[in-house]
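Here are the chains, one letter per residue:
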Amino acid sequence: MDLNELLSEEGRVDPPALYARLHRAGAAVAVDGGARGFAVAVHGFEAVAQVLKDGRFHQLDAAYLDLHTPQWRRHPALRVLRDSMFFTDGPAHDRVRQMIGRVFTARRVARLEHAVTGLTHRLLDRMDELSADGPVEFMGEFAYLLPSSVMAELLGVPQNDLAWFRPRVLAIGAILELDGATWRNMARADTAARELTAYFTELVALRRAEPRDDLISLLAAEDLSEDALIGNLITTFNAGFVTTTHLLGNGLTMLLERPELAASLSGENVASYVEEMLRFEPPVQILVRYAPEDAEIEGVPVPAGQAVLAMVGAANRDPARFADPDTFDPGRADAGSLSFGFGPHYCMGAALSRLEGQVAFPALLARFPKLALVEPSGGAPKPLILRGHDTLAVACHGG
Ligand code: HEM
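Anyway, here's the lowdown on the structure attached to this text. Because the structure is a prediction, the values reported are computed rather than measured. Position numbers for residues count from 1 along each chain, tracking the sequence in the order it is written. Residue-level local features of this predicted model are given only where pLDDT is at least 70; pairs of side-chain atoms are given and counted only at 80 or more, and the full residue set underlies all totals for whole chains, interfaces and linings. Note: side-chain values were computed over all heavy atoms of the structure, leaving out hydrogens and water.

So, the coordination of the iron atom of the ligand
Only N, O and S atoms count as donors, using a 2.8 Å limit from the metal and a wider 3.2 Å limit for Na, K and Ca, and since water is excluded some coordination spheres may look unfilled. The protein gives the iron atom of the ligand a lone donor atom, Cys347 (SG), placed 2.3 Å from the metal. Strands are runs of DSSP state E lasting at least two residues, helices are runs of H or I lasting at least four, and both sets are numbered from the N terminus onward. Among the structural elements, Cys347 can be located in the loop between α18 (312–315) and α19 (350–367).

As structure tokens, then:
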């Protein structure tokens, strides 16, 4: 596969067209010329799951950066990410994951349902008010605010600080894109990481002095180094809403482009709608791993130190796994996807983001039965790793 094809404007507009071609070539293909350190693209459903659970493939950890970006420690953004469980494997990863699992429990998520419902209705009231002046920008007014407010509630971040967070979180997200680590993006992400580190350091000190029933207070009391504590708080906070923001934006687009599906969505079937939205247009389309030792996947060699693109978006449309994969069908018998990852790094927030989608979509359609997109959503190139709209104008009471 020529990586430039994926990174081209066409590739970014319609990745499923490329995914369909890839599926005709088996489950994994060599990336031409080992461009940008990526040796192999894996796109078959079973093969992607295999890469994600296989101990031979690691996250792009400190050892990987030592190999490819020896100056990486000078970049606060890269240090913050590497101090988190996202970019750690083995026993060190298991230990932090268990620690977070002890405080981020199913009971705590269930207790958030009330907050999710209350926030949703407050945001809908505000959209209604704003709609008096014309179209409403759904991403900023709803899709970002719901998950970030929920994460703020969970972690114990003051709600008034959320507007300050958004540009900083986006700056860190930008360097995760396949070709995103440009000099300019890196400089912005470093500034954001410095500011977020200072912010969370201060908040941790406050919670240590006066603990509350929130994740920051609970984690601050665990046996974690200060760097790992701050790194995990920043990355978990980020992970919790950029992704769910895109689930809400991508999901709403699908509903509004298919009025017959919107009409049949109800409180009873919304869970299968959300699963199908996640399969069809996953907020994270590609995960990346590397092989510390020579390895192979599906017969394609991965030389030591080279990276593998685990193409979740393609796996979700594998015809060997899903009947008629390019059809959006919330009633499908073969539901399920790799959108929350698989194996040891499986998403810790899957239940929370499902809950948010299951509350938000029926409430949106019930409040605004004539909700419509102002312009067709297709046609604009979008990022490949964290895939969603920057902005999405909607007419709350019909166009
Ligand atoms: C629709 C929304 C979401 C999507 C699509 C999503 C997707 C993912 C994926 C694909 C991974 C695996 C990363 C990898 O294997 O490299 C992951 C990991 C993770 N997610 Fe999510 N996520 C979502 C929401 C959330 C929320 C709401 C939270 C927090 C409350 C969260 C916290 C995490 C954490 C902590 C991990 C890292 C687990 C580890 O490294 O062991 N995510 N997520």
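Once you've had a look at it, read on.
Some points on the pattern of salt bridges
A carboxyl oxygen of Asp or Glu within 4 Å of a side-chain nitrogen of Lys or Arg is what we treat as a salt bridge. Under the counting rule described, the total for this entry stands at 20 salt bridges. Among the ionic pairs, Arg95 bridges to Asp223, the shortest N-O distance being 3.5 Å. Taken as a pair, Arg95 in helix α7 (residues 90–103) and Asp223 in the loop between α14 (215–220) and α15 (226–257) lie far apart in primary sequence, 128 residues in all. Its relative accessible area of 60% is what places Asp223 among the exposed residues. Measuring nitrogen to oxygen at the nearest pair gives 2.8 Å for the salt bridge that ties Asp326 to Arg317. Three exposure classes are used, based on accessible area relative to the maximum for each residue type with a 1.4 Å probe and protein chains only: buried under 20%, partly exposed in between, and exposed over 50%. The exposure class of Asp326 is partly exposed, given its relative accessible area of 43%.

Re the side chain of Thr235
Among the structural elements, Thr235 can be located in helix α15. The contact criterion used throughout is that any non-hydrogen atoms of two residues lie within 4.5 Å. If near-sequence neighbours (up to four positions away) are discounted, Thr235 is found in contact with Leu81, Ser84 and Phe86.

Quick word on the sheet that holds strand β2 (residues 38–42)
Sheets are built from strands that pair by backbone hydrogen bonding, the pairs being arranged parallel or antiparallel. Whether two strands pair depends on DSSP finding at least two bridges between them. Strand order in this open sheet of four strands is β1-β2-β7-β4, and the pairing throughout is mixed. Lying at the two open borders of the sheet, with one neighbouring strand each, are β1 (28–30) and β4 (287–290). If you compare each strand with its neighbour and ignore which way they point, the axes differ by 25° on average. Bridging between β4 and strand β7 (residues 307–310) involves four bridges; their strand directions are antiparallel. Residue pairing across strands places Val288 opposite Leu309, the latter belonging to β7. Sheet strands in contact with helix α4 (residues 45–53) are β2, β4 and β7, and its direction is about 130° off that of β7. Helix axes use the C-alpha atoms of the stretch in contact, all axes being lines fitted to C-alpha atoms, and the angles between their N-to-C directions lie in the range 0 to 180 degrees.

The values are spatial; any link to function lies outside them.
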